[in-house]
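# Geometric and topological summary
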Amino acid sequence: MLNILRKKSFYAVLASAVCLTAFGAHADDRLNAGGSSFVYPIMSQWASEYGAAKHVQVNYQSVGSGAGIQQMTAKTFDFGCSDGPMNEEQLGKAKATGGDVVHIPLVMGAVVPAYNLPEVKEPVNFSGSVLADIFLGKITKWNDKAIKKLNPGIKLPDEAIAVVHRSDGSGTSYIFTDYLSKVSPEWKTKVGTATSVNWPAGEGQKGNEGVAGQVRRMPGAIGYIELIYALQNDIQYGAVQNSSGKFVRGSLESVTAAANGALANIPDDLRYSITNAPGEGSYPISGTTWAILYVNQPKDKGQQIVEFLRWVTHGGQQDTMALHYAALPSGLVARLDKKLDSIRLAQ
């Protein structure tokens, strides 16, 4: 798929893939889902492959994790995708609407600090406290002494920092703010962790697509995006200091290291965080996308959902490397299989 993406517009390919209609598919052979833009690139590939193999159309809308949770709860989507697990308030609302829900991990990836500094060729190093202060609006120049201290030998410009953040309910924001809340007491107190927060500084853009586009257009800009959006748009992104003090860039290997470091602490309901995970090679702003769905499902549609998610979390994992995601650890796959077994189909 990457060869195709190099020849054609990345987003045009995604749009065509995600709207795939399998020949011979009936109206009942269709799954409607949406949410996370973090997972959109690989979900598009999965939709294409699964539609061709199983003649089931998967319509996925990249509307942000917050909308994915809302529309799953309202039963507009057969399942929603989110990069942040549902909180207690959301779980309560879902229980009142359709009963208990399950969280099924789909894939893991990196959220990277992406920036536009054409004259700086080396990757810029960031610490958690520096990133927090940038997004708090306290550090406003690229040559601020706190950034310079992390980047000896790099000539940073005397240029204003233009902060770009998500304007929609976003699991990518959840991962990013979850990380900042762990490394900055001020961020945790003033802003906190959520799919939507009151941003102290900067301008909002919708989706990973919107943030990536704005950073690419605006010299001096910084934002946070899923790794593949940086790679496919040739956007610079930096290294982040992890809990061992090492500066690590987002990659397949560093996300896998973070996942393995956090695996022992994953709870039974599979709602967890892998930000700031232990390990010298761990990338600290790593996250997961979950498919979220009701335990109680209609017989035929529910069976289709379970079969698709079972395929995604097994055979579909072979697509992760080419699209710069990290595959699910085998120990986690065994646990999510039990969650899929718990789905109850109406008789």
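Our subject is the structure that appears above.
The structure reproduced in this document is the subject of the present report. Treat the numbers as computed from the prediction; the structure is a model and nothing was measured.

Cut-offs applied
Residues numbered from 1 in each chain as written. Predicted model: local features only at pLDDT ≥ 70, side-chain atom pairs only at ≥ 80, totals over all residues. Heavy atoms only, no water. Helix = DSSP H or I, 4+ residues; strand = E, 2+ residues; numbered from the N terminus. Polar contact = N/O pair within 3.5 Å; in protein donor to acceptor, adjacent residues only side chain to side chain. Contact = heavy atoms within 4.5 Å. Salt bridge = Lys/Arg side-chain N within 4 Å of Asp/Glu carboxyl O. Buried < 20%, exposed > 50% of the residue type's maximum accessible area, 1.4 Å probe, protein only.

### Side note on the side chain of Ser-127
With respect to the helices and strands, the residue Ser-127 is situated in the loop between strand S5 (125-126) and helix H6 (128-135). Polar side-chain contacts of Ser-127 include one of 3.2 Å to the backbone nitrogen of Val-130. Those residues in contact with Ser-127, other than ones at most four positions away along the chain, are Leu-150, Tyr-179 and Gln-241.

### Some points on the pattern of salt bridges
Enumeration according to the criterion identifies 13 salt bridges in this entry. The salt bridge partner of Lys-138 is Asp-133, with a shortest N-O separation of 3.9 Å. A relative accessible area of 47% places Lys-138 in the partly exposed class. With a shortest N-O distance of 3.7 Å, Asp-268 and Arg-335 are connected by a salt bridge. Of this pair, Asp-268 sits in the loop between helix H12 (252-262) and strand S12 (286-294) while Arg-335 is found in helix H14 (residues 330-341), placing the two residues 67 residues apart along the sequence.

### Concerning unusual backbone geometry
Located in the positive-phi region is His-55, a residue other than glycine, with phi close to 55°. By secondary structure assignment, the location of His-55 is in the loop between helix H3 (40-54) and strand S2 (57-62). Positive phi, normally seen in glycine, also occurs at Lys-75, with a value near 70°. Tracing the backbone through its elements, the reader meets Lys-75 in the loop between helix H4 (65-73) and strand S3 (79-82). Take Lys-75: its relative accessible area is 52%, and that puts it in the exposed class.

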